[in-house]
Amino acid sequence: MKVVIVGAGSVGSSIARELLAHKHEILLIDLKPEVIGRSGLRGAHWLVGDACELSTLQGAKVEDADVVVSATGDDKVNLVVSLLAKTEFGVGRTVGRVNNPKNDWMFNDSWGVDVAVNTPQLMTALVEEAVEIGDLVRLLTLQTGVSSLVEFTVPHDSHVIGSTVGQIQWPEDSTLVAILRDHAPITPSRDDVIDGGDELFFVTTIAAEDELRALLSPDSSEPPQPRPSDEAGHLEQQGPEDDGFDG
């Protein structure tokens with residue numbers, strides 16, 4: 001698989017290192033030539049230039065890439081690169097790094113982003129997943145905000161304990177895809193009995209998350225609570241603590 005990564009800072013270099021270990025072809029684009037020497041990446045191809053310029057992307061032959069990853073520390077750059085990759089070069093898959101969570105609403109198919117990676121949101125989800133028992137935790141947003149991967153740790157006094165997967169009437173747009181029990185993953189079948197401490201993983205539409213949360217709550221008769229609607233706004237600027245183009 002050929003992957004083009006824009007931004008060779010700590011994030012972009014880490015992604016490239018992992019992909020190179022899996023034998024993928026990697027091209028990194030960055031404004032700063034000095035990142036090549038300090039990256040320590042062996043086997044990667046490099047292009048020094050501004051990825052927001054069509055000429056740079058043409059020189060990188062982005063149209064031949066399977067995936068374009070925009071991993072800079074500037075949300076404006078990541079959005080522009082994703083949009084150009086999708087609309088001008090027909091790249092099949094784009095991944096955009098979200099630096100400022102307030103800009104998350106823009107990272108969708110309107111800007112050519114197939115997968116948005118919101119690091120603060122992901123870290124929050126992992127913290128919640130580690131400590132929250134008895135509540136639904138969103139781990140990952142899929143399909144540009146349409147669906148999500150969520151996790152529910154079954155409390156030892158939950159009303160679903162003892163029920164089989166087939167006995168529970170799951171929401172129409174939610175699918176139980178895995179059960180983690182005693183650190184071992186289980187592919188769920190209709191006859192599997194849910195036990196306390198099980199971690200249940202669902203792929204669900206975001207609209208159905210509240211229905212799933214209500215079903216799994218201690219009072220399953222409680223109606224789902226509506227989620228607050230996302231508010232549109234302007235692209236937020238990074239603060240002084242945010243890194244720049246080099247990701």
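All values derive from a computational prediction rather than experimental measurement.

### Notes on the sheet that holds strand β10 (residues 184–186)
Right, on to step 1. Strand order in the open sheet formed by five strands is β7-β8-β11-β9-β10, with antiparallel pairing between adjacent strands. Bordering the open sheet on either side are β7 (136–142) and β10, each of which pairs with just one other strand. When the angles between neighbouring strand axes are averaged without regard to direction, this sheet yields 25°.
Right, on to step 2. Its contacts with the sheet place helix α6 (residues 209–216) against β7, β8 (147–153), β9 (174–181) and β11 (199–205), and it is angled at close to 155° to β7.

### Digging into the side chain of Thr56
Right, on to step 1. Relative to the helices and strands, Thr56 resides in helix α3 (residues 54–59).
Right, on to step 2. The residues contacting Thr56, other than those within four sequence positions of it, are Ile29, Leu47, Gly49, Asp50 and Ala51.

### Quick look at the environment of Leu140
Right, on to step 1. Within the secondary structure, Leu140 sits in strand β7.
Right, on to step 2. In this structure Leu140 comes out as partly exposed when scored by relative accessible area, which is 39%.
Right, on to step 3. Spatially, the C-alpha atom of Leu140 lies 9.5 Å from that of Val203, the residues being 63 residues apart in sequence.
Right, on to step 4. When neighbours within four sequence positions are excluded, Leu140 is seen to be in contact with Ser147, Ser148 and Leu149.

Basis of the calculations
Residues numbered from 1 in each chain as written. Predicted model: local features only at pLDDT ≥ 70, side-chain atom pairs only at ≥ 80, totals over all residues. Heavy atoms only, no water. Pairing = 2+ DSSP bridges. Helix = DSSP H or I, 4+ residues; strand = E, 2+ residues; numbered from the N terminus. Axes fitted to C-alpha atoms, helices over the stretch in contact; angles between N-to-C directions. Contact = heavy atoms within 4.5 Å. Buried < 20%, exposed > 50% of the residue type's maximum accessible area, 1.4 Å probe, protein only.

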